[in-house]
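Listed below are the residues making up each chain.
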Amino acid sequence: MIRVLVIDDEEPMRRLLRKELTRKGFSVEVASDGQAGLDILKNTIFDVILLDIVMPGMDGIEVMKKLRRDPASPVILVLTGKATVETAVDAMKNGAYDYLTKPYKLDELAIVINRAYEYGRLSIKNQLLQQELVRIESPFEFICDSQPMKEILGLIRKTAPTDSPVLIQGESGTGKELIANTIWHHSKRGTSPFIALNCATLSENLIESEIFGHEKGSFTSAYQTKHGIVEVADKGTLFLDEIGEMPLGLQPKLLRFLDSGEFRRVGSNRTFKVDVRVLAATNRDLLALVRAGSFREDLYYRLNVIAITIPPLRERREDVPALAGYFLKKYSRKLSKDIKGISLEAGDVLNAYPWPGNVRELENVMERAVILCDSRSILPADLSIAGAGLTAASKEQPSLEEMERDYILKVLKQAGGNQSKASQMLGIDRKTLYHKLKKYGIH
Ligand SMILES: Nc1ncnc2c1ncn2[C@@H]1O[C@H](COP(=O)(O)OP(=O)(O)OP(=O)(O)O)[C@@H](O)[C@H]1O
Ligand SMILES: [Mg+2]
């Protein structure tokens, strides 16, 4: 049911809209001015706001300004009696989806509300949802020649239509995010948002408010109420990447959310409920984290109902030729180069290499090969992997990057593998460390 909030100072108008829109199947609440509207918004989730512009006290434009910075704020439809061009332009500038001038026909209003709702679902108004558009626009291919990957595809087909959480495990670069995408694509939620959140790149105190939102004033920088990502993902799919980095203190809340769809914003004691399917991924051994006490056992079992474990590429070498061919085509097209194929010798190099960085490394190698290649097929010299393409000079002197990599490894060892501690010792933030570890393929 589409949830509508009417903010209008005229009593008869509120009464009429509530009655007629309810009859048309919307769930409707009303507020008599801007401040009252914001108060209701603090405690209830809406899809669409019908907002009057001219009101005593806080007017409609003020309300929009307050809501503007919130990526999950409802879609705003402006209702105005004296629609001069300026107020309409002003409203659109402040983030209104559309405006209607009184008197409006109820049928028309219902259509516009439905359209606004659809817009909100597939919105291009914020970054999160732009991510999603990129996914929709660029169809992804899932290459699976090897037996284990074929079995995984079968499992994806079976589990996609259900609403169960899925735990995707595998080394870095094995295709966990791609699998999450494929599950979403094959599910009945394929037209609803797919929102990815990487638990490793957020600081511990931000992660809860990012996921569940916060109430104004709940901590010093919380100037206004913020909707959590679970609200943005309502009716859709939430992908929690690097779930092993989820702070222990937050895990019971996540478990509760998985069980009931219920959650509380930080600093609020009101409970909300949404309908979100959760997919999670990790490149760490979760069971080992459970044993070490940094991951809750109950959460582990809740997530582990359906588990997909992707083998590293070196254990499914049958996939290498198809993947290499796929990336060759992808990058030849992108870089407008006419390369026919991979030479036998280069193929041998690809097949023999252990691929510690898995599919991502293969993709990078093929992209570079396409850039470097100036013949009709890829030759061993085009492959920047140890023993194939590296020039003698680049091997003698360790590069800056190699030195950085070694240094990070050393510090990480000293920190006993604890990334937070290592980042403090290195004087960089967790996010930067995370990206460096990824860049250097350190797990
Ligand atoms: N089976 C596959 N078919 C086609 N492309 C693949 C396949 N597996 C992985 N890729 C590609 O390899 C790259 C890395 O995959 P992805 O980002 O899903 O890995 P990941 O396991 O999430 O890595 P990380 O642990 O580092 O986050 C992506 O560009 C993805 O599209
Ligand atoms: Mg990933």
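Notes on the structure in this doc start here. None of the values given here were measured: they were computed from a predicted structure.

The subject of this paragraph is the site of ligand 1. Every one of the 19 residues lining ligand 1 counts as a neighbour, but Ser 172, Gly 173, Lys 176, Arg 360 and Glu 363 are closest to it. One of the side-chain nitrogen or oxygen atoms of Ser 172 is found 2.7 Å away from an oxygen atom of ligand 1. For ligand 1, whose accessible area on its own is 630 Å², the fraction buried by protein is 89%. Its residues assigned to classes, the shell around ligand 1 shows seven nonpolar, five polar and seven charged. Of the domains in this structure, domain 2 (132-311) and domain 3 (315-390) are the two that each give at least three residues to the shell around ligand 1.

Another point: the sheet that holds strand 13 (residues 277-282). Pairing within the open sheet is parallel, and its five strands lie in the order 7-10-13-6-14. This sheet does not close on itself; its edge strands, each paired only once, are strand 7 (194-198) and strand 14 (306-309). Averaged over all adjacent pairs, the angle separating strand axes in this sheet is 20 degrees, with direction ignored.

Moving on, we get to the side chain of Ser 172. Relative to the helices and strands, Ser 172 resides in the loop between strand 6 (166-169) and helix 8 (176-186). On the basis of relative accessibility, which here comes to 13%, the residue Ser 172 falls in the buried class. Ignoring sequence-local partners within four residues, the contact set of Ser 172 consists of Asn 283, Gly 357, Asn 358, Arg 360 and His 443.

Where nonpolar side chains cluster on the molecular surface, the patch consists of Leu 335, Ile 371 and Leu 372 and spans about 260 Å² of accessible area. Tracing the backbone through its elements, the reader meets Ile 371 in helix 16 (residues 358-372). In this structure Ile 371 comes out as partly exposed when scored by relative accessible area, which is 47%.

Okay, the nonpolar core next. Counting residues in hydrophobic clusters, the biggest one holds 35 residues, and the most contacted among them are Ile 211, Leu 240, Ile 243 and Phe 295. Listing elements by their share of this core, those giving two or more residues are strand 7, helix 9 (204-212), helix 10 (229-232), strand 10 (237-241), helix 11 (251-260), strand 13, helix 12 (286-292) and helix 13 (297-303). With sequence-adjacent residues up to four places away left out, Leu 240 is seen in contact with Leu 197, Cys 199, Ile 211, Met 246, Leu 254, Val 278, Leu 279, Ala 280 and Ala 281. Core analysis: the next-biggest nonpolar cluster, separate from the first, contains 24 residues, Ile 339, Leu 362, Val 365 and Ile 385 among them.

Here the focus is unusual backbone geometry. The phi angle at Lys 235 is positive, at roughly 75 degrees, despite the residue not being glycine. Mapped onto the elements of the fold, Lys 235 is located in the loop between helix 10 and strand 10. Unusually for a residue other than glycine, Glu 242 sits at a positive phi of about 55 degrees. With respect to the secondary-structure elements, Glu 242 resides in the loop between strand 10 and helix 11. For Glu 242, a relative accessible area of 7% gives the class buried.

Attention shifts here to helix 11. Gln 251, Leu 254, Leu 255, Phe 257 and Leu 258 are the residues of helix 11 that are buried. Buried residues in helix 11, looked at end-on, bunch into an arc of 160 degrees, giving them a common side. Packing partners of the buried residues in helix 11 comprise helix 9, helix 10, strand 10, strand 11 (262-263), strand 13 and helix 13. Phi turns positive one or two residues past the end of helix 11, at Gly 261, with a value near 75 degrees.

This structure, assessed with the given rule, holds nine aromatic pairs. Their ring planes at 75 degrees and their centres at 6.1 Å tell us that Phe 257 and Phe 263 sit as a pair that is edge-to-face. Exposure remark for Phe 263: the relative accessible area of 2% places this residue in the buried category. Taken together, a centroid distance of 5.2 Å and an interplanar angle of 50 degrees make the contact between Tyr 326 and Phe 327 tilted. The pair formed by Tyr 326 and Phe 327 is uniform in burial state, with each residue classed as buried. One aromatic cluster is present, built from ring pairs that chain together Phe 212, Phe 257, Phe 263 and Phe 272.

Parameters at a glance
- Residues numbered from 1 in each chain as written.
- Chains lettered and ligands numbered in written order.
- Predicted model: local features only at pLDDT ≥ 70, side-chain atom pairs only at ≥ 80, totals over all residues.
- Heavy atoms only, no water.
- Near = heavy atom within 4 Å.
- Polar contact = N/O pair within 3.5 Å; in protein donor to acceptor, adjacent residues only side chain to side chain.
- Areas by Shrake-Rupley, 256 points an atom, 1.4 Å probe, with all protein chains shown as cover.
- Nonpolar A, V, L, I, M, F, W, Y, C, P; charged D, E, K, R; others polar.
- Domains from an automatic or database assignment.
- Pairing = 2+ DSSP bridges.
- Helix = DSSP H or I, 4+ residues; strand = E, 2+ residues; numbered from the N terminus.
- Axes fitted to C-alpha atoms, helices over the stretch in contact; angles between N-to-C directions.
- Buried < 20%, exposed > 50% of the residue type's maximum accessible area, 1.4 Å probe, protein only.
- Contact = heavy atoms within 4.5 Å.
- Patch = residues over 30% accessible without salt bridge, like charges linked within 9 Å, V, L, I, M, F, W, Y side chains within 5 Å.
- Salt bridge = Lys/Arg side-chain N within 4 Å of Asp/Glu carboxyl O.
- Core = buried A, V, L, I, M, F, W, Y, C linked by side-chain atoms within 4.5 Å.
- Arc of directions from axis to C-beta.
- Phe/Tyr/Trp six-rings, centres within 6.5 Å; stacked < 30°, edge-to-face > 60°.

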